[in-house]
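# Survey of secondary and tertiary structure
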Amino acid sequence: MVSSQSQSLPTSIDETMALLAGADYVADRALATVLFLSLRMQRPLFLEGEAGVGKTEIAKVLASSLNRRLIRLQCYEGLDVSTAVYEWNYAAQMIEIRMDEATGETDRAAMERNVFSEKYLIRRPILEALNGKPGEAPVLLIDELDRTDEAFEAFLLEILSDWQVTVPELGTIKAEEPPLVIITTNRTREIHDALKRRCLYHWVDYPDAERELQIVERKVPQANARLSAEVVRFIQKLRQIDLFKVPGVAETIDWAGALTELDKVALDPETVSDTIGVLLKYQDDIARISQGEGRRILDEVKAELAAAE
């Protein structure tokens, strides 16, 4: 439950950047700007980009920094209303009906009103997100929307437009204050324009080397400085290769952390080969890097850092 200590929303782009930085999220000004506008205009923020670039983390940071509840709806193929929005507690309803019958209750209208009441309504993430009080609206993360189908997208339109859900047996349930909505997609398919028009949009790209190094320094502060620099440069070059799946920022952080656990202070060919599975998750990509490409990249990294000293 959210306490009365929920933080007020940022009042400027600079405050938004400070909010993110305070939770060790290194954002560029463009992202901070669209997030600020999303909060001020009470519009959902639609974040698109490759997996592992930090889209989901934005919702987590927002919830923790503002001291709001984070309600996460993880999307998947076949997601329906009963899982995402609400369903009735049928077992409890049946017990109530049996008890009414046992006591001789004959008013069927009264029985129906009783079993289809809030008492037996199970609130799933979307309906729960509409339950926030003014100043305490939760953060609703609709994660990987592209995994669902178009029918579920269509259902979201009423929610994103009017911040309400219609339950036939109860009527319309409307939010006192709209939740702070973050929608993410990895672009495995296109999302319909009707839904996108209800949101503010931002493409979350891979960070440049300078910003990625800042991320590593914040997330893996115990890592050796030389190691962090080599890791970032190595991965930056790796993303320029035609791989089946290039590593994201999440993998950069994992690799720096793994190498630190191994007490490494710099990269070498053997270490790269032994730990490449932290970065790459497809055998064809691993084989390509292990068969000489990784050594070539490492040589370039070492030479560039030496020249910069």
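Refer to the preceding data block for the structure.
This write-up is about the structure you can find in this document. (Residues numbered from 1 in each chain as written. Predicted model: local features only at pLDDT ≥ 70, side-chain atom pairs only at ≥ 80, totals over all residues. Heavy atoms only, no water.)

## As for the pattern of salt bridges
Scanning the model with the defined rule gives 20 salt bridges in all. Arginine 72 is the partner of aspartate 143 in a salt bridge, and the nearest nitrogen-oxygen pair spans 2.7 Å. Residue aspartate 143 is located in strand S5 (residues 139-143), and its partner arginine 72 is located in strand S2 (residues 70-74); the two are separated by 71 residues in the primary sequence. Overall, the relative accessible area of 2% leaves aspartate 143 in the buried class. Look at arginine 72 and you get partly exposed, because its relative accessible area is 39%. The salt bridge involving glutamate 212 is made with arginine 239; its shortest N-O contact spans 2.7 Å. Here the residue glutamate 212 occupies a position in helix H10 (residues 209-219), and arginine 239 occupies one in the loop between helix H11 (225-238) and helix H12 (249-261), the gap between them amounting to 27 residues. Here glutamate 212 matches arginine 239 in class, with each residue buried. Salt bridges here are not isolated pairs; linked through shared partners, they connect Arg233, Lys237, Glu293, Arg296, Glu300 and Glu304. (Salt bridge = Lys/Arg side-chain N within 4 Å of Asp/Glu carboxyl O. Helix = DSSP H or I, 4+ residues; strand = E, 2+ residues; numbered from the N terminus. Buried < 20%, exposed > 50% of the residue type's maximum accessible area, 1.4 Å probe, protein only.)

Remember, this is a structural readout, not a statement about activity or role.
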